[in-house]
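Fold and geometry: a report
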Amino acid sequence: MRNKSNSIISSIFAVALLSAAVLAFHFLRTPVMPPSDAEPITAVPASPLPAPWLPRLAEPRAVLVLDVSGSMGVVSRPSDMQRLQTVAALRFFDTYARMWGEISGDDVGAGIAVVLFGTVAQTIDWSGDGELFLPVTDTNRKRFSDALVRYLGRPRAWGGDPGEDPRRAQDSDYAAALDAVAGLVAGAPSPPAVLFMTDGPMEPHPCFTPLLSDGERERYRSCDRRGTVPDLLTAVGGPLIFDRRAGEKPINKTDMPPNVDIAAGVAARLAHLMDARFPVAGDESAPLAWFPLYLDTRPWRSDLTAVRQMLSGDDANARFWGTETGVTHCRSADELVGHFVAAFARWFHMSALPVAPGETRFRVPDDTRAIAVQVTSDAPLKSLRLVRGDRAVDLGGQGRFWTGVSADDSAGDWQLVPVGGAVTEMSVYLEPSYGWALAVPEVCQQGSEGELPEARLYMCRYADGVAVAGYEVYGNLPTQLSGSIRRDTGETLPLDFALAAGSSKGAQATYVANIPVAKLSEGPALVTVRLDTLQSLGIPVRDPAQTRGVQVKALTRLVVTDTQGRRLPGFKLEGVPRAPGWTAPFRRNAP
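Residues numbered from 1 in each chain as written. Predicted model: local features only at pLDDT ≥ 70, side-chain atom pairs only at ≥ 80, totals over all residues. Heavy atoms only, no water.

Comments concerning the overall build of the protein
- Within the protein, the regular secondary structure consists of ten helices and 29 strands.
- Put simply, the protein has 591 residues, and 50% of those count as buried.
- Total accessible area on the protein is roughly 27600 Å²; 52% of this is exposed by carbon and sulfur atoms. (Helix = DSSP H or I, 4+ residues; strand = E, 2+ residues; numbered from the N terminus. Buried < 20%, exposed > 50% of the residue type's maximum accessible area, 1.4 Å probe, protein only. Areas by Shrake-Rupley, 256 points an atom, 1.4 Å probe, with all protein chains shown as cover.)

See the structure below:
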């Protein structure tokens, strides 16, 4: 009887085992349909083609913040006896107008504001009706020039009287100037440029500085004579720059309260400006372009240190593309013109063309729409001309510092021809027709067939964002560019961007790199491509590297379903699919 029972049990067990084998064979061999409630087998997302990474400036706004304290040209040890501040500002206007017209295709939309600061900060009202940004056009050049001569003085080279100078403001209040800038740029349609020029450290007056409240001023008897100081100056007519020592009731210098942290007050205002974001092309945003400049004509190192500490800004704050940290050290008023133009070129995100020190020749690529040139010589020059074949462009400047702009038919080999000295240094900025754009999927994961996501570098026209055949523009494209992918944990893998097949034959000029995501842990990462090699070959690039954020998903999960697409509970496929012939352990009751 017992033997019979054992035989029955064994038979049942054998049938169950055979049934399980048949079911397993069926489920492994029968094609499965993706269920609506299960995760589909993944495919590698494609890299989108973005527009070129260019901060398109809609109605750009430039703000010149100019120190007009007496030390600029009136009081002892003047910084700018020749009144080159006027020349530099006008050169900035001219370059701005010409380059904006070339970039935008018209001569409307750009504006410029001028803030003059000493004891207080006052903004020029161009029409007398609250027009604080003057349209930068050829027709407005005279309005701009006349106002600058009125408030900054007529340059000696233009027949200016050596004994007259309207820059008679006392003190130098950075806080007041920054407050004026904040009001001007609020709500700007594009990242504005702010060029802040001073010849000395912060020296506020307690009766006027915004660092003190009206209640704190009550302790100073002289503040009762302060009266009303206008925030605006009319371009024509009206009062000149405020001078607290002029008039019937002058106010002499008074020390600030010792408990007032002047540096902290300036730092807070500057941080507020640097934290603001302004729209650019697409959904991008960017901070303003900040260009602090210290005119140092006196060997007072303590002044330079103080200016750098106050105007450099917090390194943690984001900066406009390509702008440098710190304060530009300008050792003579002659340098003002060059620094103003260089700041303008960086604001418009022009590409720097590498030129060796002392070199007088450079080649401009065929795709260039405009160039800006800044030159330094070993001795004051009588003239400086930029020559290409039968074409010549006269550069403007003072002494050893000269600049120029060419916006028509700029491509080709150019030669500098100086008269009176030798060229020691030259900076060339290009406005190209094409740009490089890095594209990566938002989510980087490996596909079910082992395929890897790709990072792709396109060359596109700025006019319409269309990818173009790079070989038709540049015949010397390198075969490889270096790059990397870096997780926020510090994990880093190198990426080799190779010239895509067919790029040299007129197809889309792209570099492609496979992203080995399975070698990285999951999480956010940065994909970077280096463009130094392109720049070294004379190919314009706006930044030495481009970076895009991605989300790494290193694993691909498969779901086991039946023929009706229902998820089979208790089954799990273990492993990562890497090739078409991949198999994995198949077990029941997996966690």
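Description of the nonpolar core
- Grouped together as the largest cluster of nonpolar side chains are 61 residues, with contacts concentrated most on Tyr-96, Ile-112, Leu-116, Phe-144 and Trp-347.
- Looking at this core, the elements that each hand over two or more residues are β1 (61–67), α2 (84–104), β2 (111–117), α3 (141–152), β5 (193–198), β9 (289–295), α8 (336–347) and β13 (368–377).
- Among the elements that line this core, the one with the most residues is α2, at eleven residues.
- Look past the residues within four positions of Tyr-96 in its chain and what remains in contact with it is Pro-60, Arg-61, Ala-62, Ala-110, Gly-111, Ile-112, Val-136, Phe-344, Trp-347 and Phe-348. (Core = buried A, V, L, I, M, F, W, Y, C linked by side-chain atoms within 4.5 Å. Contact = heavy atoms within 4.5 Å.)

Some words on the pairing of strand β3 (residues 121–125)
- Of all five residues that make up β3, five are buried, and the element is covered over most of its length.
- Side chains of β3 alternate between two faces, with Ala-121, Thr-123 and Asp-125 and Gln-122 and Ile-124 buried alike.
- Sheet topology places β2 next to β3; three bridges connect them, and they run antiparallel. Across the sheet, residue Leu-116 finds its bridge partner in β3, namely Gln-122.
- Connecting the antiparallel pair β2 and β3 is a turn made up of three residues. (Pairing = 2+ DSSP bridges.)

Some words on the sheet that holds β13
- Reading across from one edge, β11-β19-β13-β17-β16 is the order of the five strands in this open sheet, with antiparallel pairing throughout. Each edge of the sheet is formed by a strand with only one pairing partner; in this case those strands are β11 (351–353) and β16 (396–398). Neighbour to neighbour, the strand axes of the sheet diverge by 20 degrees on average, direction disregarded.
- Sheet topology places β11 next to strand β19 (residues 423–432); three bridges connect them, and they run antiparallel. Paired with Ala-352 across the bridge in β19 is Tyr-429. (Axes fitted to C-alpha atoms, helices over the stretch in contact; angles between N-to-C directions.)

What about the state of the cysteines?
- Counted by the stated rule, this structure contains one disulfide.
- The disulfide bridge from Cys-207 ends at Cys-223, spanning 1.9 Å between sulfur atoms. Negative torsions about the S-S bond denote left-handed disulfides, and the value of about -90 degrees found for Cys-207 with Cys-223 makes this one left-handed. Here Cys-223 lies in the loop between α5 (214–217) and β6 (232–234) and Cys-207 lies in the loop between β5 and α5, a separation of 16 residues in the sequence.
- Overall, Cys-207 belongs to the buried group, its relative accessible area being 0%.
- Using a relative accessible area of 10% as the deciding quantity, one classes Cys-223 as buried. (Disulfide = S-S within 2.5 Å.)

A closer look at helix α6 (residues 262–275)
- With 14 residues, α6 should reach 20 Å at 1.5 Å per residue; the first-to-last C-alpha distance of 20 Å fits that figure.
- Along α6, the residues classified as buried are Gly-265, Val-266, Leu-270, Leu-273 and Met-274. What you see down the axis of α6 is that its buried residues fit within an arc of 165 degrees, all on one side.
- Its side-chain oxygen placed 3.4 Å from the backbone nitrogen of Ala-263, Asp-261 serves as the N-cap of α6. (Expected span 1.5 Å × (residues − 1). Arc of directions from axis to C-beta. Polar contact = N/O pair within 3.5 Å; in protein donor to acceptor, adjacent residues only side chain to side chain.)

A word on the layout of surface pockets
- Put simply, the largest pocket is a space of about 860 Å³.
- If you list the elements that add at least two residues to the lining of the largest pocket, you get β9, α8, β11, β13 and β19. (1 Å grid on protein atoms, 1.4 Å probe; cavity = no way out; pocket = protein on both sides within 12 Å on 5 of 7 lines; lining within 4 Å. Points joined across faces, edges and corners; volume = space filled by probe spheres on them.)

What about the packing of aromatic side chains?
- Going through the model one piece at a time under the given rule, you end up with 13 aromatic pairs.
- Here the aromatic rings of Phe-196 and Trp-290 are separated by 5.8 Å at their centres, their planes lie at 50 degrees, and the arrangement is tilted. On the criterion of sequence distance, the pair formed by Phe-196 in strand β5 and Trp-290 in strand β9 is long-range, its members being 94 residues apart. Both residues of the pair, Phe-196 and Trp-290, belong to the buried class.
- For the pair Phe-208 and Phe-242, a centre-to-centre distance of 5.3 Å together with 55 degrees between the ring planes defines the contact as tilted. On the criterion of sequence distance, the pair formed by Phe-208 in the loop between β5 and α5 and Phe-242 in the loop between β6 and α6 is long-range, its members being 34 residues apart. Comparing Phe-208 with Phe-242 shows no difference in burial state: the two are buried.
- Counting every residue linked through ring pairs, the aromatic cluster contains Phe-92, Tyr-96, Phe-340, Trp-347 and Phe-348.
- Between the NZ or CZ atom of Arg-61 and the centre of the ring of Phe-133, over which it lies, the distance is 5.4 Å. (Phe/Tyr/Trp six-rings, centres within 6.5 Å; stacked < 30°, edge-to-face > 60°. Lys NZ or Arg CZ within 6 Å of the ring centre and 35° of its normal.)

By themselves these figures say nothing about function.
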